[in-house]
Amino acid sequence: MTKWVYSFGDGLNEGRADMRNLLGGKGANLAEMASIGLPVPPGFTITTEVCSAFYENGRKYPDALEAQVTEALHRVEQSMGLRFGDAEAPLLVSVRSGARVSMPGMMDTVLNLGLNDETVEGLARSSGDARFAWDSYRRFIQMYGSVVMGVPHHHFEDVLEQFKRAHGAEDDTAITADQWRTIVTDYRHLISTHAGTDFPTDPHDQLWGAIGAVFGSWMNPRANTYRKLHEIPASWGTAVNVQSMVFGNMGDDCATGVCFTRDPSTGENVFYGEYLINAQGEDVVAGIRTPQPMASVRAEAGQQPMETVLPEAYSELMRVRSVLETHYKDMQDIEFTVQRNVLYILQTRNGKRTAAAALKIAIDMAREGLITQEDAIRRVPASSLDQLLHPTLDPKAERVQLTRGLPASPGAAAGAVVFSAEECEARAAKGEDVILVRIETSPEDVHGMHAARGVLTTRGGMTSHAAVVARGMGRVCVAGAGGIHVDYAAGTLSVGAHTVAQGEWITLDGGTGAVYLGRVPTIPPTLSDDFNTLMGWADAVRRLGVRANAETPEDARTARRFGAEGIGLARTEHMFFGPDRIGFVRQMIIADAEDVRQKAIAALLPFQREDFASLFRIMAGLPVTVRLLDPPLHEFLPHAEAEIAEVAQGLGKTAEEVRARCAALAETNPMLGHRGCRLGLTSPEIYAMQVRALIQAAVMVEKETGKPIRPEIMIPLVATQAELAVTRRAAEDEIAKVLKEEGTNLNYDIGTMIELPRAAIQADRIAEYADFFSFGTNDLTQTTFGLSRDDAGSFLPYYVDHGLLPRDPFVSIDRDGVGALVRLGVERGRQTSPDLKLGICGEHGGDPDSIAFFDEVGLDYVSCSPFRVPVARLAAAQAALATRQRVASSAA
Ligand code: PEP
Ligand code: MG
């Protein structure tokens, strides 16, 4: 005979976890919990096959079903010592649907089934709480009336509202037992009028009604639509779970609680949670009574820990805790009820936790032998490490949100608002915490950004100047907060009616993009030994190298401290803005007399040489990729009158002449204009100076340290083979000259960035002149989408909110478009040179999902801002494990 019903709980467990298809997800999970020895309230599952048979036979149940249900129900009665429909000690049950996959649109849950005018009195007596009994009864009628009998839910609400108004009751808690009794009568009347039949008072009729409603809901229009959308076959059917209700509010030997098998905020291996004596689950959440701690060690004076109040149930809970962790191999979040000193587990699931707890739990569990080191690597979300490396907002602190922008660089910072880099530096020098607020930033603001605790811009996307530079420095940044109006002249920022003046405090959350009024307290980061342990495990597994984007000595040191294996991108333009250099840079651009120009360039050379030498020293033989000047010239032009006058004086020109020259150099779309190798080709002396400085620095540090240095020279924004061929040739000529002067030899590589679609498409030809490629996915995203990096902030959030793009493509690589070009570049580049070294240095190099993609396409390394190096190391390890798993399963 076909078995249609499977029992669980109290020692009779007929199902197993792997019987999901037959028992549905919920049923299989209950069976699993019961079969590993957890005390789940007993019950039974009616299989999905019953559902299929029901529809195949014109909505009729299989013959044997009724007898099997009766038998299973009888077993539940015995195990609970109660009887279904009994006026003295009634058994109440819950009825729930449960398909193989959870499915909205289906009937969900009916609780307290089995109550009627007689059994409610029994419940009132056994709980000693008439109010609770009648409230349970009316809830049951309401649920049953709407989900089983089809009376729209709002009718019940109307009845209740009217009653409350008529009796001056503000909320439900003010309603007495007798008043609930009246409402029950009103509800039943409502059902008769609307459904045309009476509310069933026989518990067996109630049960079969609920079972029928679950099966009926399998074919309702919402469920059908959902199935079509998700390609779930109708033939799967749903199961029905019937389970004994248990109550934690039947006296002082009852309780209810929520707990975690380990501390979810620190990860410490202690039992953590709260419970309430003589209470229902809702009471814990409602916060009317103060929940008590579980363990005595965690109790403060005057508290009543469960360990001492309900010792038997507590020791059972301790047993359950180890059963759960041994079985699920993860920290569990459990809901439990104690009814008359007997513990029941209602639910268990993997517990949510902070980043710090995730790390500690993963390491501890691996050491305890519960999971492997590889599991531990997979367990910690790579992006969550950001939380560990930066200060975060104190979750307990009150806050008033002013507005929101893009979460451009993580961490939290509070400080006084200032509107210029100069003011920022001046105040910071006096020890003040400051937040630099700009419409957008440019290289001239870098010194102010450095002095600031955080940076807020109203324009610009996730790869705008502010975002990239702040991330590199580890400064908090909220970018593109378009809701803010900045008035530099007035020294204010405003959002609607709120105005914040210079000197007043705001707080930024770079992890969410939120901007708060005033000072919200932050919590400093702590790096535990566990962090280093996990990094070590990750390093042993990953294939991808991890380098950093860094150009200042400070950034380079941070990069090494976080475990970078070299520098993948030193943006030399960031070296041009020091107060001791910018004057020469401006002269170099604006001078028309060749000798004046050459003199300015020559004056820059020693600065550059020292910049490069200090990078080589700090990186101690690790690879260093130096990119020749990239940004549009106009970024270096003088703006303020004083700057113009200074340049004019230096060049022996009039301010008018300097202004005219600046106007001539201005561009409409600088990002697509005279920058990158275009600049190097039209002003070859600049690149020649940089190459000279670089080679001299390498020779110098090699002599100093006796260790070989192999600089990597990178040429930006190449679109054609000819651009690279000519630029490379010029660099090689200069290198040959320097080495001859120095009377020595040096190994070096010359490569290019692949950051324009044409370069990716022509990668095979470009590779003929390149020792390495580094994908510049910032510019590649901008140019593939035809979407400006600096202006994207104004409409990209709309795109993401409205599902036009799954994510901001400047944050996470667009695999189908930009990613396809990267893949093509890899394939074509390696066609020409199988050993071509391949990296990526766009902002995507620090994004875990993008890193998975770069691992997949076979890059050799990723390069990201120093503070993201740990994230990248872990993400690279996770990517390697995923690749291994894919290979293994495709071989199987
Ligand atoms: C890029 O375009 O991805 C890149 C790394 O260069 P930059 O951001 O300096 O343009
Ligand atoms: Mg670029």
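Everything numeric in this text was worked out from a predicted model, so none of it was measured.

**With respect to the overall build of the chain**
Phase 1 of the analysis: What the chain contains, in helices and strands, is 34 helices and 33 strands.
Phase 2 of the analysis: Seen through its C-alpha atoms, the chain measures out along the principal axes to roughly 105 × 65 × 55 Å.
Phase 3 of the analysis: Burial statistics for the chain: of 892 residues in total, 55% are counted as buried.
Phase 4 of the analysis: For the chain, restricting intrachain contacts to residue pairs at least 6 apart in sequence, the fraction spanning at least 24 positions comes to 68%.
Phase 5 of the analysis: Accessible surface, the chain as shown: approximately 36900 Å² in total, 51% of it carbon and sulfur.

**Side note on the domain arrangement of the chain**
One frequent convention defines the size of an interface as the accessible area lost when the parts assemble.
Phase 1 of the analysis: Here the chain is partitioned into domain 1 (51–60 + 73–244), domain 2 (255–350), domain 3 (391–523) and domain 4 (542–632 + 667–887).
Phase 2 of the analysis: Placing a centre on the C-alpha atoms of domain 2 and another on those of domain 3 gives a separation of 42 Å.

**Focus: the coordination of the magnesium ion (ligand 2)**
Phase 1 of the analysis: Distances from the magnesium ion (ligand 2) to its protein donors, Glu755 (OE) and Asp779 (OD), fall within 2.0 to 2.1 Å. One end of the pair, glutamate 755, is in the loop between β30 (749–754) and α28 (757–761); the other, aspartate 779, is in helix α30 (residues 777–785), and 24 residues separate them in sequence. Exposure class is identical for glutamate 755 and aspartate 779. Each is buried.

**Considering the packing of aromatic side chains**
Phase 1 of the analysis: Within this structure, the stated rule accounts for 19 aromatic pairs.
Phase 2 of the analysis: Relative to phenylalanine 636, the ring of phenylalanine 576 has its centre 5.9 Å away and its plane inclined at 50 degrees; by these criteria the two rings are tilted. In this pair, phenylalanine 576 is assigned in the loop between β27 (567–571) and α21 (582–590) and phenylalanine 636 in the loop between β28 (624–627) and α23 (641–651), connecting sequence segments 60 residues apart.
Phase 3 of the analysis: Measuring from ring centre to ring centre gives 5.9 Å for phenylalanine 853 and phenylalanine 854, while their planes differ by 65 degrees; the resulting arrangement is edge-to-face.
Phase 4 of the analysis: Clustering of aromatic rings is evident, with ring pairs tying together Phe54, Tyr55, Tyr61, Trp208 and Phe215.
Phase 5 of the analysis: Over the ring of tyrosine 6 we find lysine 3; its NZ or CZ atom is 4.9 Å from the centre of that ring.
Phase 6 of the analysis: Positioned above the aromatic ring of tryptophan 218, the side-chain terminus of arginine 227 is 4.0 Å from the ring centre.

**Description of the site of ligand 1**
Phase 1 of the analysis: Inspection of the region around ligand 1 gives 14 residues, with Arg571, Arg627, Gly776, Asn778 and Arg789 positioned closest.
Phase 2 of the analysis: Contact distances for ligand 1 include 3.3 Å between an oxygen atom and a backbone N or O atom of glycine 776.
Phase 3 of the analysis: Taking aspartate 779, its side chain carries an N or O atom lying 2.9 Å from an oxygen atom of ligand 1.
Phase 4 of the analysis: In isolation ligand 1 offers 290 Å² of accessible surface; the protein chains occlude 96% of this area.
Phase 5 of the analysis: Elements represented by at least two residues in the shell around ligand 1 include exactly β27 and α30.

**Details of the sheet that holds strand β20 (residues 485–487)**
Adjacent strands of a sheet pair through backbone hydrogen bonds, lying either parallel or antiparallel.
Phase 1 of the analysis: Overall, antiparallel pairing links the three strands, which are arranged β20-β21-β22 in an open sheet. Strand pairing shows two members of the sheet lacking a second neighbour, β20 and β22 (498–501), which therefore form its edges. Across the sheet, the axes of successive neighbouring strands diverge by a mean angle of 20 degrees, strand direction being ignored.

**Details of the UniProt feature "binding site: substrate" (unreviewed entry) in the chain**
Phase 1 of the analysis: The positions that UniProt labels "binding site: substrate" (unreviewed entry) are, in the present scheme, Arg571, Arg627, Glu755, Gly776, Thr777, Asn778 and Asp779.
Phase 2 of the analysis: The residue threonine 777 is located in helix α30 in this model.
Phase 3 of the analysis: When sequence neighbours within four positions are dropped, the list of residues in contact with threonine 777 reads Ile813, Val822, Ile840, Gly842, Glu843, His844 and Phe854.
Phase 4 of the analysis: Along the chain, asparagine 778 falls in helix α30.
Phase 5 of the analysis: Of the residues examined, asparagine 778 reaches a relative accessible area of 4% and is grouped as buried.

**Focus on the side chain of threonine 727**
Phase 1 of the analysis: Note on placement: threonine 727 falls in helix α27 (residues 721–742).
Phase 2 of the analysis: Apart from residues no more than four positions distant in its own chain, threonine 727 is found in contact with Cys677, Leu681, Tyr687 and Ile715.

**Brief notes about the pattern of salt bridges**
Phase 1 of the analysis: Following the criterion strictly, the structure yields 64 salt bridges and no others.
Phase 2 of the analysis: Its salt-bridge partner being arginine 710, residue aspartate 749 comes within 3.0 Å of it at the nearest N-O pair. Here the residue aspartate 749 occupies a position in strand β30, and arginine 710 occupies one in the loop between α26 (684–705) and β29 (712–715), the gap between them amounting to 39 residues.
Phase 3 of the analysis: Take arginine 710: its relative accessible area is 45%, and that puts it in the partly exposed class.
Phase 4 of the analysis: Linking aspartate 771 and arginine 728 is a salt bridge whose minimum nitrogen-to-oxygen distance equals 3.3 Å. Taken together, the positions of aspartate 771 in the loop between α29 (763–766) and β31 (772–775) and arginine 728 in helix α27 put the pair 43 residues apart, joining distant regions of the chain.
Phase 5 of the analysis: Judged by its relative accessible area of 26%, aspartate 771 is partly exposed.

**A look at the sheet that holds strand β18 (residues 454–457)**
Phase 1 of the analysis: Spatial ordering of the open sheet is given by β14-β24-β23-β16-β17-β18-β19-β15, a layout of eight strands whose pairing is mixed. Bordering the open sheet on either side are β14 (401–404) and β15 (406–409), each of which pairs with just one other strand. Going from strand to strand, the sheet's axes swing by 30 degrees on average, the running direction of each strand aside.
Phase 2 of the analysis: Both strand β23 (residues 505–509) and strand β24 (residues 514–517) contribute to a ladder of four bridges, which runs antiparallel. Paired with leucine 508 across the two strands is valine 515, which belongs to β24.
Phase 3 of the analysis: Against the sheet, helix α18 (residues 465–473) contacts β15, β18 and β19 (476–479), and its axis sits at roughly 45 degrees relative to β15.

Rules of the game
Residues numbered from 1 in each chain as written. Chains lettered and ligands numbered in written order. Predicted model: local features only at pLDDT ≥ 70, side-chain atom pairs only at ≥ 80, totals over all residues. Heavy atoms only, no water. Helix = DSSP H or I, 4+ residues; strand = E, 2+ residues; numbered from the N terminus. Buried < 20%, exposed > 50% of the residue type's maximum accessible area, 1.4 Å probe, protein only. Contact = heavy atoms within 4.5 Å. Areas by Shrake-Rupley, 256 points an atom, 1.4 Å probe, with all protein chains shown as cover. Domains from an automatic or database assignment. Donors = N, O, S within 2.8 Å, 3.2 Å for Na, K, Ca; no water. Phe/Tyr/Trp six-rings, centres within 6.5 Å; stacked < 30°, edge-to-face > 60°. Lys NZ or Arg CZ within 6 Å of the ring centre and 35° of its normal. Near = heavy atom within 4 Å. Polar contact = N/O pair within 3.5 Å; in protein donor to acceptor, adjacent residues only side chain to side chain. Pairing = 2+ DSSP bridges. Axes fitted to C-alpha atoms, helices over the stretch in contact; angles between N-to-C directions. UniProt positions renumbered as here; feature names shortened; annotations may be inferred. Salt bridge = Lys/Arg side-chain N within 4 Å of Asp/Glu carboxyl O.

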